[in-house]
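# Reading the structure
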Amino acid sequence: HIERRWWKEAVVYQIYPASFLDTNNDGIGDIGGILSKLDHIKSLGATAIWLSPIYASPQKDMGYDVADYRSIHEPYGTLEQVKQLIQELHKRSMKLIMDLVVNHTSDQHAWFIDSRSSRKSLRRDWYFWRDPNYDADGIRQPPNNWRSIFGGSAWTYDQDTNQYYLSLFLPSQPDLNWDNEAVRQSVYDDIEYWLDLGVDGFRIDSMNLMSKHQDLPDAPIIFPGEKYQPGDKWFASGPRMHEYLQEMRKVFDKYDAMTVGELGFTKDVKSVLEYVADSRHELNMVFTGDIVDMDFGKEGKYVRDDFHPDKLRSITNQWQTTLAQNGGWNSVYMDNHDSGRSLSRYGSDLPKYRSHAAKLLAIYLCSVSGTLFLFQGQEIGMANIPKNWTIEEYIDVEGRNYYNSVLEARGGDASRMQDVLDQLRLKARDNGRLPMQWNSSSNAGFTGSEIRPWMRVNDDYNLWNVENQENDSQSVLSFWKKILKIRKEYMDLFVYGTFEPIPAGTYGQNIIAYGRQDGSQKVVVLLNFSDKECQVQFDIMDTWRVLLSNFENYDCNNGKIVLHPYQGIILCNWDK
Ligand code: ISL
Ligand code: CA
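Described in the following lines is the structure provided in the data block. (Residues numbered from 1 in each chain as written. Chains lettered and ligands numbered in written order. Predicted model: local features only at pLDDT ≥ 70, side-chain atom pairs only at ≥ 80, totals over all residues. Heavy atoms only, no water.)

Under the definition given, this model contains 39 salt bridges. Linking Glu80 and Lys83 is a salt bridge whose minimum nitrogen-to-oxygen distance equals 3.6 Å. One end of the pair, Glu80, and the other, Lys83, are both in helix H4 (residues 79–91), three residues apart, so they sit about a helical turn from each other. You can call Glu80 exposed: its relative accessible area is 53%. The closest approach of N and O atoms between Arg184 and Glu247, which form a salt bridge, is 2.7 Å. Separated by 63 residues along the polypeptide, Arg184 in helix H6 (residues 181–197) and Glu247 in helix H8 (residues 241–255) bring together distant segments of the chain. Members of the salt-bridge network, linked through shared partners, are Asp61, Asp338, Asp396, Arg429 and Arg433. (Salt bridge = Lys/Arg side-chain N within 4 Å of Asp/Glu carboxyl O. Helix = DSSP H or I, 4+ residues; strand = E, 2+ residues; numbered from the N terminus. Buried < 20%, exposed > 50% of the residue type's maximum accessible area, 1.4 Å probe, protein only.)

Structure, rendered in structure tokens:
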């Protein structure tokens, strides 16, 4: 028996503020834009918004570098507007989930400015300051060999005090020292500030990096010959991680706030359950990274590895059969602001497949158990950056750093970079950050037609935009509305029901299949994750009905179903 909670049933729509809608013609999305589109989001069937960071920030990492947790980044708007947003959402029975970025701050945060001011600063210990190492030649080196997640050393040298500080992401994102109690209390105060304003929950950024091994030992050598190595063994899910989450949970519980933690590096079921099992009083759920890593190479994100339905099947079966059964809960998502669009990576954005593939992904996301997270643009089948864009059109620091490091290793020869560009076109974070496509006026209605948007608009907006799709009953948007209604109508089955994996090979390697059940109600979901037609033998077909498919015509005869490329179908055992 699974306990019912609002956040389990939620359909959360993630907004990336800079790219959503610009209402004052500065080329940057804003809170005014969000306020004006609440009805679009509501009509889709979403019940909550997750807002990527809107706090005051120098924007070195698009707001994931916070300079003040209590004020709003000016171009986005005012605190008054955020209060209005909370009000307008609650009026519509919707919730607001904010991004909580407290593994690190911006180097412009008052805490860090104070901390770096002197070795004697009362806040010196709020960050990780360490003396340099000196190598055999007497040359100054960082305190250990950890590699930054965005490339280079994870340590930044400060000339004035002749020490290094730890910065797992950018040098302008110094890591907070959670082992210091005053740090934790200050963060909790800032959390309460937002909860008092009526915020309903938080997505906790880089959640499991907040406790590091206290000795900060050297990382094991995983890439021989490289100076800096992945140190996650020592900085991910560290020794006091669970203690801190349980402490923080007491703050959330005062307000019945929901939490979803971003979980990197830690992948096994047992460890994940330690974060999400109810009895542990830590988090409501986490985002496991494996669903967005399915086409990452062993050597890293931008190294090629092809997507295969086998990967999605085994990831799905693993989480769907373990978390809720053990007092935990799943998050369900495929897209966010940190990767390429799932449509372009796991489906297909070729014109002949695009609409069906987008709907196939919708069927998958809506028919597995858990809290559903959609990313802006997913509801209209937005796709990745077109192939003809040059490297200059990419803005994000993660992708740029990677490109530049490979370019340097190849002696600066830009003509040898095609493979890297191909990978960026699939997985660069920019792909998720292209402006939202509202209509077919120039700049897709994202900003004024004479304005230069902060990020180029995808050339396909003429065809692929909200307005067109609202007026088309066959559109991806109409399909999302329809399937979210069905998910809500059969909530006990789709959200809370049991999940029965159907082994690989039962219906062919390209088919992902599973059953869902609530009491006597059952569905079987068949998903063709390929561009090939597949024939499926389904013997009890005669007594089953089609609850939903992404194709108008389906061919089911004598227990045989012929699935078109990217066709998905939900069969049910009841009369509709
Ligand atoms: O390296 C990873 C795990 O394999 C990454 O997925 C890592 O967890 C991720 O990059 C963290 O992302 C979050 O924090 C970053 C920010 O740039 C991202 O936008 C945010 O989602 C730093 O705050
Ligand atoms: Ca604006």
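Let us now look at the coordination of the calcium ion (ligand 2). Around the calcium ion (ligand 2), the protein contributes the donor atoms Asp22 (OD), Asn24 (OD1), Asp26 (OD), Ile28 (O) and Asp30 (OD), which lie 2.3 Å from the metal centre. Read in sequence order, the donor residues for the calcium ion (ligand 2) give the motif D-x1-N-x1-D-x1-I-x1-D. Residue Asp26 is classed as partly exposed on the basis of its relative accessible area of 33%. By relative accessible area, which is 4% here, Asp30 ends up buried. (Donors = N, O, S within 2.8 Å, 3.2 Å for Na, K, Ca; no water.)

A volume near 850 Å³ is recorded for the second largest pocket. For the second largest pocket, the lining is made up of 37 residues, of which Ser344, Gly347, Ser348, Asp349 and Leu426 are closest to its centre. If you list the elements that add at least two residues to the lining of the second largest pocket, you get helix H11 (342–345) and helix H14 (418–427). Considering each element in turn, the lining of the second largest pocket owes the most residues, five residues, to H14. Inspection of the lining of the second largest pocket shows a minimum of three residues originating in each of domain 1 (6–105 + 181–387 + 435–477) and domain 3 (498–572). (1 Å grid on protein atoms, 1.4 Å probe; cavity = no way out; pocket = protein on both sides within 12 Å on 5 of 7 lines; lining within 4 Å. Points joined across faces, edges and corners; volume = space filled by probe spheres on them. Domains from an automatic or database assignment.)

This paragraph deals with the sheet that holds strand E10 (residues 163–166). Hydrogen bonds between backbone atoms are what pair the strands of a sheet, whose relative direction is either parallel or antiparallel. Here three strands make up an open sheet; going across it, the order is E6-E10-E9 and the pairing antiparallel. The open sheet has two edge strands with one neighbour each: strand E6 (129–130) and strand E9 (155–158). Relative to E10, E6 runs antiparallel, the two being bridged by two bridges. Looking at the pairing, Trp129 lines up with Tyr165 of E10. (Pairing = 2+ DSSP bridges.)

It is characteristic of soluble globular proteins that their nonpolar side chains tend to be buried jointly. Formed by 141 residues in total, the largest nonpolar core has its most connected members in Ile191, Phe202 and Trp480. Among the elements that make up this core, the one with the highest residue count is helix H12 (residues 354–367) (nine residues). What Ile191 contacts, discounting residues up to four positions off in sequence, is Leu100, Phe202, Met248, Val251 and Phe252. Counting 16 residues, the second-largest nonpolar core is a separate cluster that includes Phe128, Ala154, Leu209 and Phe235. (Core = buried A, V, L, I, M, F, W, Y, C linked by side-chain atoms within 4.5 Å. Contact = heavy atoms within 4.5 Å.)

Glancing now at the pairing of strand E13 (residues 285–288). Taking every second residue as pointing to the same face, both faces of E13 are buried, with Met285 and Phe287 on one and Val286 and Thr288 on the other. Two strands pair when backbone bridges link them, and strand E12 (residues 258–263) and E13 are joined in this way by four bridges, in the parallel orientation. Within the sheet, the bridge partner assigned to Val260 lies in E13 and is Met285.

Their axes nearest at 10 Å, the elements H12 and helix H16 (residues 476–489) cross at an angle of 15 degrees. With respect to H16, the axis of H12 lies roughly parallel. Along this stretch, H12 crosses H16, giving a crossing that reads as right-handed. Taken together, the residues of H16 that come into contact with H12 (itself represented by Ser355, Ala358, Lys359, Ala362, Ile363, Leu365 and Cys366) are Val476, Phe479, Trp480, Ile483, Leu484 and Arg487. (Axes fitted to C-alpha atoms, helices over the stretch in contact; angles between N-to-C directions. Parallel < 35°, antiparallel > 145°, perpendicular 65-115°, else oblique. Left-handed = near helix turned anticlockwise from the far one by under 90°.)

In terms of burial, strand E5 (residues 95–100) is largely enclosed, as five of its six residues are buried. For E5 and strand E11 (residues 201–204), the ladder comprises four bridges, and the chain directions are parallel. Within E11, the position partnered with Ile97 by the bridge is Gly201.

Let's shift gears to the environment of Leu374. Position of Leu374 relative to the elements: it lies in strand E17 (residues 371–375). Separated by 38 residues in sequence, Leu374 and Asn336 place their C-alpha atoms 7.8 Å apart. Residue contacts for Leu374: discarding those within four places in its chain leaves Val11, Val12, Tyr13, Gln14, Leu44, Trp480 and Leu484.

Any two aromatic rings considered together are summarised by their centre-to-centre distance and by the angle between their planes. The tally for this structure, following the rule as stated, stands at 29 aromatic pairs. Here Phe235 and Phe265 contribute two aromatic rings whose centre-to-centre distance is 5.7 Å and whose plane-to-plane angle is 85 degrees, an arrangement assigned as edge-to-face. Here Phe235, found in helix H7 (residues 232–235), pairs with Phe265, found in the loop between E12 and helix H9 (269–276); they are 30 residues apart in sequence, far enough to count as distant. A relative accessible area of 2% means that Phe235 is categorised as buried. Residue placement shows Lys95 over the ring face of Trp6; its charged tip is 4.5 Å from the ring centre. (Phe/Tyr/Trp six-rings, centres within 6.5 Å; stacked < 30°, edge-to-face > 60°. Lys NZ or Arg CZ within 6 Å of the ring centre and 35° of its normal.)

This part is about H14. By the burial criterion, the buried members of H14 are Val420, Leu421, Gln423, Leu424, Arg425 and Lys427. Where H14 is buried, its residues touch strand E14 (296–297), strand E15 (300–304), H11 and helix H13 (397–409).

As for its placement among the helices and strands, Leu343 is situated in helix H11. For Leu343, a relative accessible area of 4% gives the class buried. Taking the C-alpha atoms as reference points, Leu343 and Arg354, 11 residues apart in sequence, are found 7.6 Å from one another. Sequence-distant contacts of Leu343, that is, excluding residues within four places in its chain, are made with Ser348, Asp349, Arg354, Ala357, Ala358, Leu361, Gly381, Met382 and Ala383.

Let us look at empty space enclosed by the protein. For the structure on display, the rule yields seven cavities of 30 Å³ or more. Put simply, the largest cavity is a space of about 140 Å³. As for the largest cavity, its lining consists of 13 residues, of which Ile291, Trp319, Asn330, Ser331 and Tyr364 are closest to the centre. Secondary structure elements with two or more residues in the lining of the largest cavity: helix H10 (309–320) and strand E16 (331–332). When residues of the lining of the largest cavity are assigned to their parent elements, the largest contribution, four residues, is made by H10. Residues that form the lining of the largest cavity fall into these classes: seven nonpolar, five polar and one charged. Space inside the second largest cavity adds up to approximately 80 Å³. Lining of the second largest cavity is provided by Asp335, Arg341, Ser342, Leu343, Ala358, Leu361, Ala362, Gln378, Gly381, Met382 and Trp480. Going through the elements one at a time, H11 and H12 are the ones with two or more residues in the lining of the second largest cavity. For the lining of the second largest cavity, the leading source of residues is H12, giving three residues. Here the lining of the second largest cavity is built from residues that sort into six nonpolar, three polar and two charged. (Nonpolar A, V, L, I, M, F, W, Y, C, P; charged D, E, K, R; others polar.)

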